[in-house]
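Fold and contact review
Each chain, letter by letter, is given below.
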Amino acid sequence: MQIVVFTRSTPDTAAKVEVAADGRVTWGDAALVVNPWDEYALEEAIVQAKNAGGKATVIALGPEMHNDALKHALAMGMDEAARVQDAALDPADSLSYATAAAAAAKKVDGVELVIFGKESIDVGSDQHAYQTARKLGWPMLSSVSKIVAVDFAAKTITVERLLEQGKQVVTSKLPAVLSVTKEINEPRYPSFIGIRKASKAVIPEWSLADLGVSAVAARTQVGRFMNLPAREGQVEMIAGTPEEMATKLVDRLLEEKVL
Amino acid sequence: MSAVLVWIETFKGQALNAGREALGAGQLLAERFGVPLTAVVFGPNAAAIGAELGEFGAVNAVVCEDTTLSDYRLEPYAALLTKLVQEHQPKAVVAIGSSRGRELLAASAADTDSSLLTEVLSLSVRDDGAIQVVRPVYAGKVLSEAVGSAAGTQFVALRGRAFQAPAANAGARASVTTVAPVLSEDAIATKISSFEEEVGKVNLTDAAIIVSGGRAVANNPKDAPAGVPDATVWKAQDAFANVLQPLADVLGGAVGASRAAVDAGYIPYAHQVGQTGKTVSPDVYIACGISGAIQHQAGMRSSRVIVAINKDAEAPIFKLARYGLVGDLFQIVPALTAELKKRLGK
């Protein structure tokens, strides 16, 4: 039995990301980190694979910058890593991504579970996870906050999902694709030994030909990037006793017709 | 039938109001493409809901009330939406990008190899028929223009509160067509065993007003009762329940929190606003004891009016705020609640 996690490198969450004069997105000298949501997916895969006596494999799609995330995942305790690299692949387009990701997951022997983090912060989307599930033809369980029970022999999984209106408990057949939220676990920090081992790891590269798929033409194109519009106006400081502050603030909010 | 389809999310046999925003965006597209606007509604009461969406611009409604669609599940919903797309070749499929809306549109776009643009803040149609949108990337720190593919159906999932609902046309009715489901219960791999609803809570992403608390809520002057396992956590939880919640209640709003407050165990994760929580854009965002780290800003900076209440006059949140109040939230927030009760007549 194997569990596959898909990850990618993204700029550090504390980085100031902006659009430079040449139109490119920059994040200064901030480090690349594993996409923050994926840490929960990696932790869950490590724990579930160990409990079931299986293996956990981490895969990234795209250029060499994603090796940073893969090495972090190996340092955390993932067993294997691989990167899909092909000139014909456009991992920024979710359909192109999902077609390659589904083929990569199927290349992993005995895969029963694919886990994604809730979202990729760089592309600002989670659509690639759902589309990978569809291309695999497997059920998708999104926003999972807890794996209640999993039985790889009987091929069933029961999870708790965090939805807008509350918590849902749902059972599905395996294999399945999950996306997990922050509530599911507390990701571990990589150990010193893990980091040393990961730094020496040679990460295999898979081409689309290795995966037995041909490239899917991207259906979407990204145009220019723009900085956020500056917030208009200056802050108005409201002073006085708490009661005076309250009165003045309510006056202002009523004037603005926002209450 | 070429059309623009708008999927209307329902819960317990009622349409979610945010669906009207999707009809607003759908109407822009339908007019531009010169095709009718069609609402798609699945689940209990779908026919009645679909007909009534005529008030918000739907000309037609395609509905299915089969029991396999009673509770939202991705497989039967996506299978049916995909079939509608294959049969009718609509110009576009639009929905609010709630957790259900995002996965449903993504699934159906994958099934039909169509373009999909999510978290859409604004949109237009180019002369070649491609839909061009603006959407946030890098956790909302940067905006990006992106373009769909005019060759097929273009799927668009909207950010909540980014589009206006059409003006209501009281009494107008959509023409309803009932369709059959695609999957039988035996063919559906997922079974829902329970649902625990959060009753009476306003959903953060829909809320017009949000009162949010940071780590400073633990400075609650109230004494924790003897014997509680952690006095700090008790104080913070008490502050969320008895200081911030009453302000949210009088405003009909929701309670949010910073990551620091969530990580410290003061309030459940569902309330977290920011880069690893929810992105919100209410009319008013009242930040209480929140310093305004860049990760928090990413989740709330598109709010219309930001009010910052903080002891530290140097806190970065004041750079975003329209109104700044320097002082103790435990004095200011109750005073604000009392004043609003008086002024709003509650």
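If you're wondering where the values come from, they're calculated on a predicted model, not measured in any experiment.

**What about the overall build of chain B?**
Secondary structure assignment for chain B yields 9 helices and 18 strands. Relative to the globule expectation of 20 Å for 346 residues, the C-alpha radius of gyration of chain B, 22 Å, shows essentially globular dimensions. By its C-alpha atoms, chain B is 65 × 45 × 40 Å across when sized along the principal axes. Here chain B, with 346 residues, has 58% of them falling under the buried criterion. For chain B, the exposed area adds up to about 13,000 Å²; of that, 48% sits on carbon and sulfur atoms. In chain B, 30 positive and 33 negative side-chain charges are present, and the distance between their average locations comes to 7 Å.

**Regarding the interface of chain A and chain B**
Every contact between the two is made by 80 residues of chain A and, on the other side, 90 residues of chain B. By the criterion of area lost to chain B, the three top residues of chain A are Arg134, Gln165 and Arg231 of chain A, representing 12% of everything that side buries. For the pair chain A and chain B, the number of links is 7 salt bridges. In this structure, the salt-bridge partner of Asp113 of chain B is Lys135 of chain A, at a minimum N-O distance of 2.8 Å. Seen at the junction of chain A and chain B, the total is 39 residue pairs in polar contact (both at pLDDT 80 or more). Sorting the residues of the side of chain A that touches chain B by element identifies strand E3 (18-19), helix H4 (127-136), strand E9 (140-151), strand E10 (156-163), strand E11 (166-173), strand E14 (221-227), strand E15 (236-237) and helix H7 (242-255) of chain A as the ones contributing at least two each. By residue number, the principal contributor to the side of chain A that touches chain B is H7 of chain A, which donates 11 residues. Here the side of chain A that touches chain B is built from residues that sort into 39 nonpolar, 19 polar and 22 charged. In this structure, E11 of chain A lies alongside strand E13 (residues 190-197) of chain B, joined through 7 bridges in antiparallel fashion. Looking across to E13 of chain B, one finds that Val170 of chain A is bridged to Ile192 of chain B.

**Section: the domain arrangement of chain B**
Residue and element names in this part refer to chain B. Entries for chain B in the domain assignment read domain 1 (4-187) and domain 2 (209-344). Taken together, the contacts link 5 residues of domain 1 with 7 residues of domain 2. Between domain 1 and domain 2, the buried area comes to about 540 Å², and carbon and sulfur atoms account for 42% of it. Where domain 1 packs against domain 2, one counts 1 salt bridge. Of the charged contacts, one joins Asp283 and Arg161 as a salt bridge, the two residues approaching to 3.0 Å between their closest N and O atoms. Taken together, domain 1 and domain 2 are joined by 3 residue pairs in polar contact (both at pLDDT 80 or more). In the side of domain 1 that touches domain 2, the residues fall into 1 nonpolar, 1 polar and 3 charged.

**Some thoughts on the packing of H7 of chain A against helix H9 (residues 329-343) of chain B**
In contact at an axis separation of 8 Å, H7 of chain A and H9 of chain B are set at 50 degrees when each is read in the N-to-C sense. Overall, the two elements H7 of chain A and H9 of chain B adopt an arrangement that is oblique. Remark: the crossing between H7 of chain A and H9 of chain B carries right-handed chirality. Here H7 of chain A contributes Pro242, Glu243, Met245, Ala246, Thr247, Leu249, Val250, Asp251 and Leu254 of chain A to the contact with H9 of chain B, which in turn contributes Gln331, Ile332, Ala335, Leu336, Glu339, Leu340 and Arg343 of chain B. A per-class count over the contact of H7 of chain A with H9 of chain B returns 10 nonpolar, 2 polar and 4 charged.

**Structural notes on the sheet that holds strand E6 (residues 92-96) of chain B**
Adjacent strands of a sheet form backbone hydrogen bonds with each other and so pair up, either parallel or antiparallel. All names here are of chain B. The 7 strands lie next to each other as E7-E11-E6-E1-E4-E5-E12, forming an open sheet whose pairing is parallel. Only two strands of the sheet have a single neighbouring strand rather than two, namely strand E7 (115-120) and strand E12 (175-178). Neighbour-to-neighbour, the strand axes of this sheet turn through a mean angle of 20 degrees, independent of strand direction. Pairing between E7 and strand E11 (residues 154-158): 4 bridges, direction parallel. Its bridge partner being in E11, Leu116 is matched across the sheet by Phe155. Sheet strands in contact with helix H3 (residues 74-88) are strand E1 (4-7), strand E4 (37-42), strand E5 (60-64), E6 and E11, and its direction is about 155 degrees off that of E4.

**Brief notes about unusual backbone geometry**
In this chain, Leu174 of chain A is followed by Pro175 of chain A through a cis amide linkage whose omega measures -5 degrees. Despite not being glycine, Lys257 of chain A has its phi angle at roughly 55 degrees, a positive value. Here Lys257 of chain A lies in the segment after H7. With a phi angle near 55 degrees, Ala139 of chain B is a residue other than glycine that sits in the positive phi range. Position of Ala139 of chain B relative to the elements: it lies in the loop between strand E9 (131-137) and strand E10 (142-147). Owing to a relative accessible area of 13%, Ala139 of chain B belongs among the buried residues under this scheme.

**Examining the pairing of strand E14 (residues 209-213) of chain B**
Residues and elements named next belong to chain B. With 5 of 5 residues buried, E14 is to be regarded as a mostly interior element. Side chains of E14 alternate between two faces, with Ile209, Val211 and Gly213 and Ile210 and Ser212 buried alike. Looking at chain direction, E14 and strand E16 (residues 284-288) are connected through 5 bridges and run parallel. For Ile209, the partnering residue across the bridge sits in E16 and is Val284. Alignment of E14 against strand E15 (residues 254-257), held across 4 bridges, turns out to be parallel. In the strand pairing of E15, Val211 is matched with Val255. Taken together, E14, helix H5 (residues 231-251) and E15 constitute a β-α-β crossover, and its handedness is right-handed.

**Thoughts on empty space enclosed by the protein**
Here the structure, examined in full by the defined rule, presents 4 cavities of 30 Å³ or more. If you add up the space inside the largest cavity, you get close to 80 Å³. Taken together, Met140, Leu141, Arg161, Gln168 and Val170 of chain A together with Tyr72, Arg73, Leu74, Glu75, Glu103, Thr190 and Ile192 of chain B make up the full set of residues lining the largest cavity. Among the secondary structure elements, those contributing two or more residues to the lining of the largest cavity are E9 and E11 of chain A together with H3 and E13 of chain B. By residue class, the composition of the lining of the largest cavity is 6 nonpolar, 2 polar and 4 charged.

Cut-offs used in this document
- Residues numbered from 1 in each chain as written.
- Chains lettered and ligands numbered in written order.
- Predicted model: local features only at pLDDT ≥ 70, side-chain atom pairs only at ≥ 80, totals over all residues.
- Heavy atoms only, no water.
- Helix = DSSP H or I, 4+ residues; strand = E, 2+ residues; numbered from the N terminus.
- Rg over C-alpha atoms; globule rule 2.2 N^0.38 Å.
- Buried < 20%, exposed > 50% of the residue type's maximum accessible area, 1.4 Å probe, protein only.
- Areas by Shrake-Rupley, 256 points an atom, 1.4 Å probe, with all protein chains shown as cover.
- Lys, Arg positive; Asp, Glu negative; His and termini not counted.
- Charge placed at Lys NZ, Arg CZ, Asp CG, Glu CD.
- Contact = heavy atoms within 4.5 Å.
- Buried area = accessible area lost by both parts, 1.4 Å probe.
- Salt bridge = Lys/Arg side-chain N within 4 Å of Asp/Glu carboxyl O.
- Polar contact = N/O pair within 3.5 Å; in protein donor to acceptor, adjacent residues only side chain to side chain.
- Nonpolar A, V, L, I, M, F, W, Y, C, P; charged D, E, K, R; others polar.
- Pairing = 2+ DSSP bridges.
- Domains from an automatic or database assignment.
- Axes fitted to C-alpha atoms, helices over the stretch in contact; angles between N-to-C directions.
- Parallel < 35°, antiparallel > 145°, perpendicular 65-115°, else oblique.
- Left-handed = near helix turned anticlockwise from the far one by under 90°.
- Right-handed = clockwise from strand over helix to strand, strands pointing away.
- 1 Å grid on protein atoms, 1.4 Å probe; cavity = no way out; pocket = protein on both sides within 12 Å on 5 of 7 lines; lining within 4 Å.
- Points joined across faces, edges and corners; volume = space filled by probe spheres on them.

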